[in-house]
Amino acid sequence: MAKVIVVTSGKGGVGKTTTSASFASGLAMRGNKTVVIDFDVGLRNLDLIMGCERRVVYDIINVINGEASLKQALIKDKNCDNLYVLPASQTRDKEALKLDVVGQILDELKESFDFIVCDSPAGIESGAFNAMYYADEALVVTNPEVSSVRDSDRILGILAAKSKRAVEGRDPVKEHLLVTRYDPKRVNSGEMLSVGDIQEILRIPLLGVIPESSSVLQASNSGTPAIHLEKSDVAEAYRDVVGRFMGEELPMRFTAEKAGFFKRLLGGI
Amino acid sequence: MNSEAPAFKIKTANLPVLQLHIITPDLPLLKKALALRLNQTPDFFASTPIVLELSAIAESDPSLDFSALVAFMRKHGMCAAGVSGGSEKQRAAAVQSGLGLFPAAFVRNPSKRETDPSLAAPAALLHAQPELPGIAAEITPEVISVQPETPKESPRKTVQTVIRPTLVIDKPVRTGQSIYAEGADLVLLAIANAGSELIADGDIHVYAPLRGKAIAGAHGNAAARIFVHKLEAELLSIAGCFKVFEDGIPEEVRGKAAQIHLEGTRLVIEALPG
């Protein structure tokens with residue numbers, strides 16, 4: 001049975017699209033047929049991060065309006081065979097997306113995919129609600145700062161009360177915490193919340209910690225999901241996240257401060 | 001510790017409950033009319049328990065589809081708790097759909113009163129009707145003092161007290177969420193995060209960190225108290241007397257188990273012993 005996973009956060013700029021791209025790529029690299037949908041109608045970004053912006057002919061709104069079939073709108077990813085992108089529209093506004101048609105599109109995608117990753121827009125308005133309503137599982141992306149944690153808390157409340165699973169009284173949406181842009185050095189100096197602090201507030205299982213890294217910016221500028229980067233903490237962290245999501249038990253990495261050059265030289269005296 | 005104040009009080013109460021008088025047995029028509037009304041104020045009923053009053057349709061259609069009606073109501077945030085009035089058949093059908101029975105005239109105590117587990121559990125409260133003073137509402141076996149020999153057959157006599165069941169919540173109450181225990185106590189077994197709101201007409205107990213607002217005695221019960229396992233609240237209020245913590249919570253109670261009660265109009269926060 002296909003699983004619908006929403007990547008959501010409430011707050012903007014925390015790394016939802018970066019996570020959606022890398023997480024979906026990671027699932028596909030493990031042989032799962034995966035589609036990633038951009039729900040940010042009007043402000044589409046996913047196609048840029050996936051490096052397929054020049055191949056967008058039809059988008060999700062064209063599909064809804066019957067101007068294109070789903071098959072025509074799906075773009076095959078350049079890096080992974082099993083991965084497809086369903087882009088958002090740049091020109092329409094968010095009201096073009098209706099909850100019932102979203103349901104129809106997801107049902108159609110469920111027939112041919114194992115995982116459907118929904119990249120939610122920021123906020124708690126209809127766009128974000130459309131993205132989360134049908135979710136079976138949720139990746140709640142949080143930065144180690146108070147406002148981001150507060151917004152994630154709000155989103156978790158909405159997931160628990162208003163998602164389709166909640167409304168129908170079925171098993172609740174499975175929640176996963178993903179802490180991104182984590183900088184252990186700034187955590188130690190008290191500038192940022194620690195993973196422990198965040199978990200103490202949100203109290204949902206931790207799926208992974210993605211370290212702050214300049215390589216994320218390079219990756220998104222070059223249209224390559226961060227998980228494909230060579231020799232990168234971020235790529236490894238995302239691979240761990242996908243592994244844990246698939247049920248592997250992997251130790252948490254990148255939560256401690258990196259030992260400096262001299263420290264390493266002196267063998268950690 | 002204040003030794004004069006009693007630790008608790010037991011009181012009887014006749015609690016108000018909303019009744020939805022069903023005037024037509026025509027379900028599609030009823031749904032349409034309800035939807036029209038509810039769409040104007042979608043969150044108005046937010047899980048308020050509602051009694052379906054069937055007297056007006058007792059003579060008509062015996063097979064109102066309660067399951068469909070309850071599902072429809074739930075979709076609109078209304079939580080059907082039971083039915084009152086109606087024909088025997090209608091009442092039987094209501095029980096089949098997991099609804100409780102409220103006495104139509106005088107005490108004919110339902111032998112079978114269940115809450116539908118699929119209803120949003122905490123909201124599935126059962127109420128006495130205010131028009132019927134002194135009639136027992138929620139009855140637990142321990143409370144019943146008079147039991148006929150064959151309880152299954154004959155109608156039970158009931159105790160003349162009304163106890164509104166405590167609203168027990170076992171899931172986190174998160175930013176932007178609000179829980180109201182109407183006419184009852186509220187027990188929370190999970191966190192109440194910053195930006196959340198707990199309101200009860202009775203006492204509030206939180207067996208986890210309380211980081212949001214807690215408002216006890218919301219209808220003016222000055223004897224209401226708040227008990228918390230770990231006090232990190234944004235605002236505490238009893239019977240309208242409130243306290244905010246702009247400069248932080250006093251150190252002697254911050255993050256500790258505490259109780260909050262009123263002395264006159266002064267809100268007293270004290271650490272719980274042990």
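Here the structure is shown first, and the text comes after it.
How each quantity is defined
- Residues numbered from 1 in each chain as written.
- Chains lettered and ligands numbered in written order.
- Predicted model: local features only at pLDDT ≥ 70, side-chain atom pairs only at ≥ 80, totals over all residues.
- Heavy atoms only, no water.
- Phe/Tyr/Trp six-rings, centres within 6.5 Å; stacked < 30°, edge-to-face > 60°.
- Helix = DSSP H or I, 4+ residues; strand = E, 2+ residues; numbered from the N terminus.
- Buried < 20%, exposed > 50% of the residue type's maximum accessible area, 1.4 Å probe, protein only.
- Contact = heavy atoms within 4.5 Å.
- Polar contact = N/O pair within 3.5 Å; in protein donor to acceptor, adjacent residues only side chain to side chain.
- Core = buried A, V, L, I, M, F, W, Y, C linked by side-chain atoms within 4.5 Å.
- Buried area = accessible area lost by both parts, 1.4 Å probe.
- Salt bridge = Lys/Arg side-chain N within 4 Å of Asp/Glu carboxyl O.
- Pairing = 2+ DSSP bridges.
- Axes fitted to C-alpha atoms, helices over the stretch in contact; angles between N-to-C directions.
- Patch = residues over 30% accessible without salt bridge, like charges linked within 9 Å, V, L, I, M, F, W, Y side chains within 5 Å.
- Areas by Shrake-Rupley, 256 points an atom, 1.4 Å probe, with all protein chains shown as cover.
- Parallel < 35°, antiparallel > 145°, perpendicular 65-115°, else oblique.
- Left-handed = near helix turned anticlockwise from the far one by under 90°.
- Nonpolar A, V, L, I, M, F, W, Y, C, P; charged D, E, K, R; others polar.

The next subject is the packing of aromatic side chains. All names here are of chain A. Evaluated as defined, the whole model comprises 5 aromatic pairs over all chains. Aromatic side chains Phe129 and Tyr133 sit 5.6 Å apart centroid to centroid with 50 degrees between the ring planes, which places their arrangement in the tilted category. In this pair, Phe129 and Tyr133 are both assigned in helix α6 (residues 126–133), 4 residues apart and thus about one turn of the helix distant. Summarising the aromatic geometry, the rings of Tyr133 and Tyr134 are spaced 4.9 Å apart at their centres and angled 90 degrees between planes, so their arrangement reads as edge-to-face. Given the relative accessible area of 15%, Tyr133 is considered buried. Note on Tyr134: relative accessible area 17%, which makes it buried. Ring pairing ties together the aromatic residues Phe23, Phe115 and Phe245, which thus form one cluster.

Residues and elements named next belong to chain B. Along the chain, Tyr180 turns up in strand β6 (residues 178–181). For Tyr180, a relative accessible area of 35% gives the class partly exposed. Taking C-alpha positions, Tyr180 is 9.3 Å from Ile215, a pair spaced 35 residues apart along the chain. Apart from the residues lying within four places of it in its own chain, the contact partners of Tyr180 are Leu167, Ile199, Ala200, Asp201 and His219. Here the side chain of Tyr180 touches His219 through a polar contact of 3.3 Å, side chain to side chain.

Attention now goes to the nonpolar core. Residues and elements named next belong to chain A. Membership of the largest hydrophobic core comes to 49 residues, with the highest contact counts inside it found for Ile37, Ile60, Leu86, Leu109 and Ile116. Residues within four places of Leu109 in sequence aside, it is in contact with Val35, Ile37, Leu70, Leu74, Leu86 and Ile116. Ile49, Val85, Val241 and Val242 belong to the second largest nonpolar core, which has 37 residues in total.

With that settled, consider the interface of chain B and chain A. Across the contact, 13 residues belong to chain B and 13 residues belong to chain A. Taken together, both faces of the contact between chain B and chain A bury some 1,100 Å²; the carbon and sulfur share is 43%. Per-residue buried area on chain B facing chain A is highest for Arg174, Thr175 and Arg211 of chain B; these three make up 46% of the total on that side. At the junction of chain B and chain A, the tally comes to 3 salt bridges. Measuring nitrogen to oxygen at the nearest pair gives 2.8 Å for the salt bridge that ties Arg174 of chain B to Asp153 of chain A. Remark: the boundary between chain B and chain A carries 7 residue pairs in polar contact (both at pLDDT 80 or more).

Another aspect to go through is the sheet that holds strand β7 (residues 186–188) of chain B. All names here are of chain B. Here 6 strands make up an open sheet; going across it, the order is β5-β7-β9-β11-β14-β15 and the pairing mixed. Where the open sheet ends on each side, the last strands, each with one partner, are β5 (167–169) and β15 (266–271). Across the sheet, the mean angle from the axis of one strand to that of its neighbour is 20 degrees, orientation sign disregarded. Across 6 bridges, the pairing between strand β14 (residues 258–263) and β15 is antiparallel. Counterpart to Ala258 in the pairing with β15 is Ala271.

All names here are of chain A. The topology assignment puts Glu137 in strand β6 (residues 137–142). On the basis of relative accessible area, Glu137 is assigned to the buried category, the value being 5%. Here the side chain of Glu137 touches Lys3 through a polar contact of 3.2 Å, side chain to side chain. Discounting residues that sit within four places of it in the chain, Glu137 has contacts with Lys3, Val4, Ile5, Val6, Val173, Lys174, His176 and Phe245.

Before going further, it helps to examine a nonpolar patch on the surface. Residues and elements named next belong to chain B. Taken together, Val168, Leu189 and Tyr207 make up a surface patch of nonpolar side chains, about 290 Å² in accessible area. One can find Leu189 in the loop between β7 and β8 (197–200). Since its relative accessible area comes to 45%, Leu189 is described here as partly exposed.

Turning our eyes to something else, we now look at the pairing of β14 of chain B. Among the 6 residues that make up β14 of chain B, 5 are buried, leaving the element largely enclosed by the rest of the structure. Turn length for the β14 of chain B-β15 of chain B hairpin, with the two strands adjacent in sequence and antiparallel, is 2 residues, and the turn residue Gly264 of chain B shows positive phi of about 65 degrees.

Let us look at the packing of α6 of chain A against helix α7 (residues 146–162) of chain A. Residues and elements named next belong to chain A. Relative orientation of the contacting elements α6 and α7 amounts to 55 degrees, with a least axis distance of 11 Å. Compared by their axis directions, α6 and α7 come out oblique. Once α6 is placed against α7, the crossing between them reads as right-handed. Of the residues in α7, those in contact with Phe129, Met132 and Tyr133 of α6 are Ile155, Ile158, Leu159 and Lys162. Tallied by class, residues from the contact of α6 with α7 come to 6 nonpolar, no polar and 1 charged.

Moving on: the sheet that holds strand β1 (residues 3–8) of chain A. Residue and element names in this part refer to chain A. Taking strand neighbours across the sheet as the criterion, the 8 strands line up as β3-β4-β2-β5-β1-β6-β7-β8 in an open arrangement whose pairing is mixed. A single partner strand is all that each edge strand has here, and the edge strands are β3 (75–76) and β8 (206–211). Of the pairings in the sheet, the one linking strand β2 (residues 34–38) to strand β4 (residues 83–86) comprises 4 bridges and is parallel in character. Paired with Val36 across the two strands is Val85, which belongs to β4. Along the sheet, helix α12 (residues 233–245) contacts β1, β5 (115–119), β6, β7 (174–182) and β8; its crossing angle with β8, the most-contacted strand, is approximately 170 degrees.

Fair warning: the whole summary comes from geometry, so function is off the table for now.
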